Amino acid sequence: MTDHPVTVTSVTTQYATQVAQDLELNAKEQERIGAELSALQAQLVVLQDDQSVLHRIHQTLDSRPASAPSTPQPSTSLPQQASGKNTTARRAPSKTAAKTPAPSKTAAKAPSAKKTTAQAKKDKAQAAEPKATTASAQPTLIALIRTHLDQQKEPRSAAEVTSALAGAHPQRTIKSTVVRTTLENLVAKSQAHRSKQGASVLYTSSAVQATTHKAPAPALPKTEQDSNKREKAAAVSS
């Protein structure tokens, strides 16, 4: 009879422990998904900015004036008469040939209209280029984080990286959740190293980590080297 309450208490404790662990995993999973959503939202904002720039360029190109159709210039050369006896037939073509230069004025205006239209199109395209260049000239967040880690000799937390980037780039909105997700992606790609100091998670550039591990050991002073040699020689002679 005394074993039954003990068994119930043990099972209850096990269930309570399992539920607590499940709650902790659930909270961590929610935090991870929230960070990924923030990263995707930031990418969506960039794509929307690019779309607006492309729409403006497209509208600028569509608003160009239509070019005037070119009028072909008629040929002024007429075939010569095979026979010189019919003078009436020879005089009639000469009057027609004298009137032919009139259409050449219209033909001369067409190239100038084309040139004006092309120049206007070129000017509008050049005016739209700085906006597109400004939108695409900003480095990505992952490039900023990688560069910042490469410049640090000590490990940095996600909060420290966020604070440093926000101070260096005040025109950009940088969230700590997005920075943490990006750092974890760098760790997954072996471009960064993650370590723990107590409850804090710190990140280091893989290049800095490799340099730290490959640093040569300091050389012994010459006096210590001579002392070691003498000790070895004494041990051999004995």
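Presented here is a report on the structure given in the accompanying data block. Predicted model only: the values in this text are computed from it and were never measured.

## With respect to the overall build of the chain
Thinking step 1. Helices and strands together make up the secondary structure of the chain, namely eight helices and three strands.
Thinking step 2. Reading the chain from its N terminus to its C terminus gives the helix and strand order α-α-α-α-β-α-α-β-β-α-α.
Thinking step 3. In the chain, of all internal contacts separated by at least 6 residues, the share reaching a separation of at least 24 is 61%.

## Here's the deal with the side chain of T204
Thinking step 1. Assignment of secondary structure puts T204 in strand β3 (residues 200-205).
Thinking step 2. For T204, a relative accessible area of 5% translates into the label buried.
Thinking step 3. Filtering out sequence-adjacent residues up to four positions away, T204 remains in contact with P155, A192, H193 and Q209.

## Overview of the layout of surface pockets
Once rolled over the atoms, a probe with the size of a water molecule shows which space is left empty.
Thinking step 1. Volume-wise, the second largest pocket comes out at about 460 Å³.
Thinking step 2. Lining the second largest pocket are 17 residues; nearest its centre among them are E31, R180, E184, R194 and Y203.
Thinking step 3. Among the elements of the structure, α1 (3-62), α5 (158-168), α6 (176-188), β2 (192-197) and β3 are those that each provide at least two residues to the lining of the second largest pocket.
Thinking step 4. Tallied by class, the residues present in the lining of the second largest pocket amount to five nonpolar, four polar and eight charged.

## Section: the pattern of salt bridges
Thinking step 1. On inspection of all chains with the given rule, the structure shows four salt bridges.
Thinking step 2. The shortest N-O distance in the salt bridge between R194 and E184 comes to 2.4 Å. Of the two residues, R194 sits in strand β2 while E184 sits in helix α6, which places them 10 residues apart along the sequence.
Thinking step 3. Exposure remark for E184: the relative accessible area of 27% places this residue in the partly exposed category.

## Notes on the packing of helix α4 (residues 141-150) against α6
Thinking step 1. Two numbers describe how α4 lies on α6: the axes approach to 10 Å, and their chain directions differ by 70°. Accordingly, the angle class assigned to the pair α4 and α6 is roughly perpendicular. Here α4 contributes L141, I142, I145, R146 and L149 to the contact with α6, which in turn contributes V178, V179, T182, L183 and L186.
Thinking step 2. Looking at side-chain class alone, the contact of α4 with α6 contains eight nonpolar, one polar and one charged residues.

## Quick word on the side chain of T162
Thinking step 1. Here T162 shows up in helix α5.
Thinking step 2. Residue classification places T162 among the buried residues on the basis of a relative accessible area of 9%.
Thinking step 3. Look past the residues within four positions of T162 in its chain and what remains in contact with it is I174, K175, S176 and V179.

## Let's talk about a nonpolar patch on the surface
Thinking step 1. On the surface, I33, L37 and L40 cluster together into a nonpolar patch covering about 290 Å² of accessible area.
Thinking step 2. Structurally, L37 can be placed in helix α1.

## Structural notes on the nonpolar core
Thinking step 1. Within the largest apolar cluster, 15 residues are counted, with the highest numbers of intra-cluster contacts made by L141, I145, L149, V161, L165, V179 and L183.
Thinking step 2. Those elements giving two or more residues to this core turn out to be α4, α5 and α6.
Thinking step 3. When neighbours within four sequence positions are excluded, L141 is seen to be in contact with L165, R172, I174, V178 and T182.

## Observations regarding the pairing of β2
Thinking step 1. Of the strand pairs in this sheet, β2 and β3 are connected by six bridges, and their pairing is antiparallel. Following the sheet pairing, R194 is matched in β3 by Y203.
Thinking step 2. Taking the residues between adjacent antiparallel strands as the criterion, β2 and β3 are bridged by two residues, where G198 takes a positive phi near 70°.

## Quick word on the sheet that holds β2
The pairing of strands in a sheet happens through backbone hydrogen bonds and is either parallel or antiparallel.
Thinking step 1. Strand order in the open sheet formed by three strands is β1-β3-β2, and the pairing between neighbours is antiparallel. Edge positions in the sheet fall to β1 (156-157) and β2, since each has one partner strand and no second.
Thinking step 2. Relative to β3, β1 is paired through two bridges, and the arrangement is antiparallel. Looking at the pairing, S157 lines up with L202 of β3.

## Digging into α6
In an α-helix, one full turn covers 3.6 residues, which means residues spaced three or four apart are oriented alike.
Thinking step 1. In a regular helix each residue adds 1.5 Å, so 13 residues correspond to 18 Å; α6 covers 18 Å between its end C-alpha atoms and thus fits that length.
Thinking step 2. Phi turns positive one or two residues past the end of α6, at S190, with a value near 60°.

## Describing the packing of α4 against α5
Thinking step 1. α5 packs onto α4 with a crossing angle of 110° between their chain directions and a minimal axis gap of 11 Å. Considering their axes alone, α4 and α5 lie roughly perpendicular with respect to each other. Between α4 and α5, the contacting residues are L141, L144, I145, H148 and L149 on the first element and V161, A164 and L165 on the second.
Thinking step 2. Partitioning the contact of α4 with α5 into residue classes produces seven nonpolar, one polar and no charged.

Conventions used here
Residues numbered from 1 in each chain as written. Predicted model: local features only at pLDDT ≥ 70, side-chain atom pairs only at ≥ 80, totals over all residues. Heavy atoms only, no water. Helix = DSSP H or I, 4+ residues; strand = E, 2+ residues; numbered from the N terminus. Contact = heavy atoms within 4.5 Å. Buried < 20%, exposed > 50% of the residue type's maximum accessible area, 1.4 Å probe, protein only. 1 Å grid on protein atoms, 1.4 Å probe; cavity = no way out; pocket = protein on both sides within 12 Å on 5 of 7 lines; lining within 4 Å. Points joined across faces, edges and corners; volume = space filled by probe spheres on them. Nonpolar A, V, L, I, M, F, W, Y, C, P; charged D, E, K, R; others polar. Salt bridge = Lys/Arg side-chain N within 4 Å of Asp/Glu carboxyl O. Axes fitted to C-alpha atoms, helices over the stretch in contact; angles between N-to-C directions. Parallel < 35°, antiparallel > 145°, perpendicular 65-115°, else oblique. Patch = residues over 30% accessible without salt bridge, like charges linked within 9 Å, V, L, I, M, F, W, Y side chains within 5 Å. Areas by Shrake-Rupley, 256 points an atom, 1.4 Å probe, with all protein chains shown as cover. Core = buried A, V, L, I, M, F, W, Y, C linked by side-chain atoms within 4.5 Å. Pairing = 2+ DSSP bridges. Expected span 1.5 Å × (residues − 1).

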